[in-house]
Each structure stands twice: as structure tokens, then as C-alpha cells.
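# Commentary on secondary and tertiary structure
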Amino acid sequence: PKIAVLRERAEGETRVAATPETVKKLIALGARVAVETGAGAGATLADTAYAEAGAEIGEAGAVVAGADIVLGVQGPDPALLTGAAPGAWVVAAHDPFGARARLDGYGAAGLEALAMEFMPRITRAQSMDILSSQSNLAGYKAVLEAANAYGRAFPMMMTAAGTVAAARVFVMGVGVAGLQAIATARRLGAQVSATDVRAATREQIQSLGAKPIFVEQVAGIEGEGTGGYAGEMSPEYQAAQAELVSGHIAKQDVVITTALIPGRPAPRLVSDAQVASMRAGSVIVDLAVEQGGNVEGAVAGEVVVRHGVSIIGYPALARRLPADASALFSRNLFNFLSAFWDKEAGRPVLPDGDEIGDAIRLTRGGRVVHPRLVS
Ligand code: NAD
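What counts as what
- Residues numbered from 1 in each chain as written.
- Predicted model: local features only at pLDDT ≥ 70, side-chain atom pairs only at ≥ 80, totals over all residues.
- Helix = DSSP H or I, 4+ residues; strand = E, 2+ residues; numbered from the N terminus.
- Rg over C-alpha atoms; globule rule 2.2 N^0.38 Å.
- Buried ≥ 20, exposed ≤ 12 C-beta atoms within 10 Å, placed from the backbone.
- Contact = placed C-beta atoms within 7 Å.
- Core = buried A, V, L, I, M, F, W, Y, C linked by C-beta atoms within 7 Å.
- Pairing = 2+ DSSP bridges.
- Axes fitted to C-alpha atoms, helices over the stretch in contact; angles between N-to-C directions.
- Expected span 1.5 Å × (residues − 1).
- pLDDT = per-residue confidence, 0-100.

## Re the overall build of the chain
Secondary structure assignment for the chain yields eleven helices and 19 strands. At 22 Å, the chain has a C-alpha radius of gyration in line with the 21 Å of a compact globule built from 375 residues. Dimensions of the chain, computed from the C-alpha atoms along their principal axes, are close to 65 × 50 × 35 Å. Looking at the chain as a whole, 46% of its 375 residues qualify as buried. A fraction of 63% describes how many contacts in the chain between residues 6 or more apart in sequence connect residues 24 or more apart.

The following block contains the structure:
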């Protein structure tokens, strides 16, 4: 089969969906790989490196012409894909709830869009999970961005001129990004605490040397949603959480929020009044800013200063580590394609009824088919 890798066109996107390493591996499986000129530039991957790996380099039209599989970080504009083979796969993070018109476009063009962010959380799919790979990097980078914007040091320092206190860092939402944020802040010497609605995270927080901050006294609280994700919390729980957090947040120097609920707007965890309670010069990083934000006043793509507190709302922080983010994203895509590679067909095949295929297939046979998108 022919696999096409396009240059990402979205504003601020630095990543690329294949690296020379994965190009080489795809060719070893029997694929032909075409890469658009400049596709890897944002991740410091030169066209010559792709060519050395065996890729054909060309303009978008030539790259897509006759392609059976198109790889993207974000979903490419369907208008770019008119030359692709009938029924071609478009494998990317499609933002299924946000980019509906684009999905309809893939459907109308007879393309099969596969959403990598819908990968089920099963052992078999762990190596294909872009949410995990990118969240890990985002959690790390969030702490570095906070440290950079914070006018004080993270570690305690005892100097001849006096002692510098350790920064107090509070991580809200302890999934993949939150755990990495805790570990990174600890490595920098901060005093770290963290909270989540899922009880299982308490031990994980402790094992990283941070202090768990948990709502205890609400009867019948249920933090666990489905598939290892969080659910939406009851009003009673939210009120108890807000009270607990209010007391705690006023004493924090840095807050990193990462809380997400799949298919729903991000839960609001920090109010403007809570921001105001923090000391001037404190820093908040809202990793959920693109899903509506955990922090009141956070703006995607901006650093907003409220009550002397900087609220950082950089979208998709993994983009600020373009080389690693591309390397991991590309391996996730490769692991997916190679796991389904059918030697006889000489290409990957997603059998009907396969848990992974059913979870990620958005369009087929001319229309949107995913159960979460058709009502
Ligand atoms: P996520 O990005 O969906 O959410 C981030 C965190 O925010 C979660 O821990 C969630 O519980 C928390 N959260 C949601 N609402 C909150 C609220 N109101 N207050 C505080 N916290 C709130 O989560 P994630 O990073 O994708 O990870 C979720 C879980 O799935 C983790 O346990 C992770 O280890 C697991 N996981 C499993 C696999 C796999 O088995 N293949 C892959 C990835 C992640």
C-alpha cells in the first residue's frame, strides 16, 4: 500500500505523524511511503532524513495521489485528499466532537477516518495510545512552563544570604499528565500535593512522594467513570471539593490542572475567587484549556494575569516538545498499523467486530458511523 504523510497545516502545530524511524519500519512491512516537503520541519526532521529512510518526497497532491493510508497528527482537510484511493484510511487525532464538518467531509469522500484518540484503554492498545504519549510530555512541560514563569525557585536553597523556600505545587487531576507533572515537580525540588476524583490515584500520588488532598466526607461519592476515566461528579461532591480546594489553593505557589471527562467539557476546578486567594506571582497552568478549561479566566493560547497570578493556557503542550512528541506519536501510529498488518493482503486490515476497529472507526460507506457521533 501507499502511505501518505502530510505537513500539518493547523496553526501552532509542530508535530509530524511519521519520523524517518517509522518510515523505515513501514517500508520494512512492505509499504511505500510518501512524505510532503517540509512535513518534519517543525520537529527538526529534514526532508533529506526522510528520503534517506526511503520515503518519496513531494508536494501534497503527489503525496496523496493513490494513497491507501493517510497519516496525520490532526485530521487533514478533506479537500487535500481528493486524490487518495477509494476507501483510504485517514489515521489521525480527528477531534471527533469538535470537527464534525470535517468528518462529514471524509464520509462524503468515501474515506475511512480512524480516530486515534478513541483508542480503547486495553492492554493490547497501550502502545497505540496517543493520549497517553502526548499527555506524558504535556505534564512534564507544564511544570517547566510554570517554573519558567514563576519568579522564585522550585527547590529549597540554603545560601549564605538566607534560605529560599521550596515552591508548593498542587496538581489537580492525576491521570497520565498529572502523574508526570508530580514527578517532574518533585525532581525540581518542589513540595507537591495532588488531588483527583478517582480513589485509585491516592496511592499513586503517595508513591511519587506527594501529598494526596481528597474529599472524604461525602456519602456515596463515585469518582470512577467508565474505561478508567473519570465521570461527572454530583453537586454535593463538587461543593465539598470546592471547599477543600479553597483552603488548600490559597497556600500554593503553582497549580497545574489536568482534569478531563471524555466527551464532556472539562470540569471547572478553580474559580476566580480562588485565583485571587493566591499570592501575587503565583502561576497556574491549565492543561484542559482547549476542552473549556479547569480554571476560570484561562484563555487558550494565552498567558492571562489575574489578581497578579499568571494563568498559562498554552494548547496541546506536547507541541512544545516537537521532536519527542512526534517520535512518540509516530510510534503510536506505527504500532497500530503493524498490529493489524495482514501479510496476505499486504496491508493493514481492521476486521469487523474487532474492539479497536469498532472504537476508532468514525466514517465508512459514505457516512459517519461511530455510535458516539450518530444519535
Ligand atoms: P484524563 O486525561 O481523562 O483526565 C485526567 C485526570 O483528571 C484523570 O485522572 C481524572 O480522574 C481527573 N479528573 C476528572 N475530573 C476531575 C475532577 N472534577 N477533579 C479532579 N480530577 C478530575 O485521564 P488520563 O490521563 O487519560 O488517565 C485516566 C486513567 O486511565 C489513568 O488511571 C491512566 O493510568 C489510565 N490509562 C490506561 C491506559 C491503558 O490501559 N491502555 C492508557 C492510558 C491511561
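Now, onward.
## Section: the nonpolar core
Ranked by internal contacts, the top residues of the largest apolar core, which has 108 residues, are Val-5, Val-70, Val-90 and Ile-256. Of all the elements, helix 10 (residues 322-339) adds the most residues to this core, at eight residues.

## Details of the pairing of strand 14 (residues 303-306)
Along any regular strand, the residues point their side chains to alternate faces of the sheet. Examined bridge by bridge, strand 14 and strand 15 (residues 309-312) share four bridges and lie antiparallel to one another. For Val-303, the partnering residue across the bridge sits in strand 15 and is Ile-312. Hairpin connection of strand 14 to strand 15: two residues between the antiparallel strands, including His-307 at a positive phi of 55°.

## A closer look at unusual backbone geometry
The phi angle at Thr-44 is positive, at roughly 55°, despite the residue not being glycine. Examined against the element boundaries, Thr-44 turns out to sit in the loop between strand 2 (32-36) and helix 2 (47-52). Overall, Thr-44 belongs to the exposed group, with 11 C-beta atoms counted inside 10 Å. We note that Ala-316 has phi near 35°; this positive angle belongs to a residue other than glycine. Following the sequence through the fold, Ala-316 ends up in the loop between strand 15 and helix 10.

## With respect to the sheet that holds strand 10 (residues 191-195)
Taken together, seven strands build an open sheet; the order of strands is 11-10-9-12-13-15-14 and the sheet is mixed. Unpaired on one side and paired on the other, strand 11 (211-212) and strand 14 mark the two borders of the sheet. The strands that helix 6 (residues 176-187) touches are strand 9 (168-172), strand 10 and strand 12 (254-257); relative to strand 10, the one it contacts most, it runs at about 165°.

## Brief notes about the sheet that holds strand 1 (residues 2-5)
Reading across from one edge, 3-2-1-4-5-6 is the order of the six strands in this open sheet, with parallel pairing throughout. Looking at which strands have only one partner, the edges of the open sheet turn out to be strand 3 (56-58) and strand 6 (112-115). Adjacent strand axes in the sheet meet at a mean angle of 20°, parallel and antiparallel pairs treated alike.

## Some words on helix 10
The end-to-end C-alpha distance of helix 10, which contains 18 residues, comes to 25 Å, matching closely the 26 Å that a straight helix rising 1.5 Å per residue would cover. Burial in helix 10 covers these residues: Pro-322, Ala-325, Ser-326, Ala-327, Leu-328, Phe-329, Ser-330, Asn-332, Leu-333, Phe-334, Phe-336 and Leu-337. Those residues of helix 10 hidden inside the fold are in contact with helix 1 (20-29), strand 4 (69-74), strand 5 (89-93), helix 5 (130-149), strand 16 (341-342) and strand 17 (347-348).

## Things to note about the environment of Gly-313
If you trace the backbone, Gly-313 turns up in the loop between strand 15 and helix 10. Distance from Gly-313 to Val-299, taken between C-alpha atoms, is 5.5 Å for residues 14 residues apart in sequence. Those residues within four positions of Gly-313 in sequence are excluded, and the remaining contacts are Asp-286, Val-289, Ala-298, Val-299, Ala-300, Gly-301, Glu-302 and Val-304.

## Quick look at the environment of Leu-188
Mapped onto the elements, Leu-188 comes out in the loop between helix 6 and strand 10. With 18 C-beta atoms counted inside 10 Å, the residue Leu-188 sits in the partly exposed group. Expressed as a C-alpha distance, the spacing of Leu-188 and Val-143, which sit 45 residues apart in the sequence, is 9.1 Å. Each residue touching Leu-188, except ones within four places of it in the same chain, is listed here: Val-143, Ala-147, Phe-154 and Pro-155.

## Things to note about the confidence of the model for the chain
When pLDDT is averaged across the chain, the result is 94; 97% of the residues are at 70 or more. Our summary of model confidence lists the complex with pTM equal to 0.93 and ipTM equal to 0.95.

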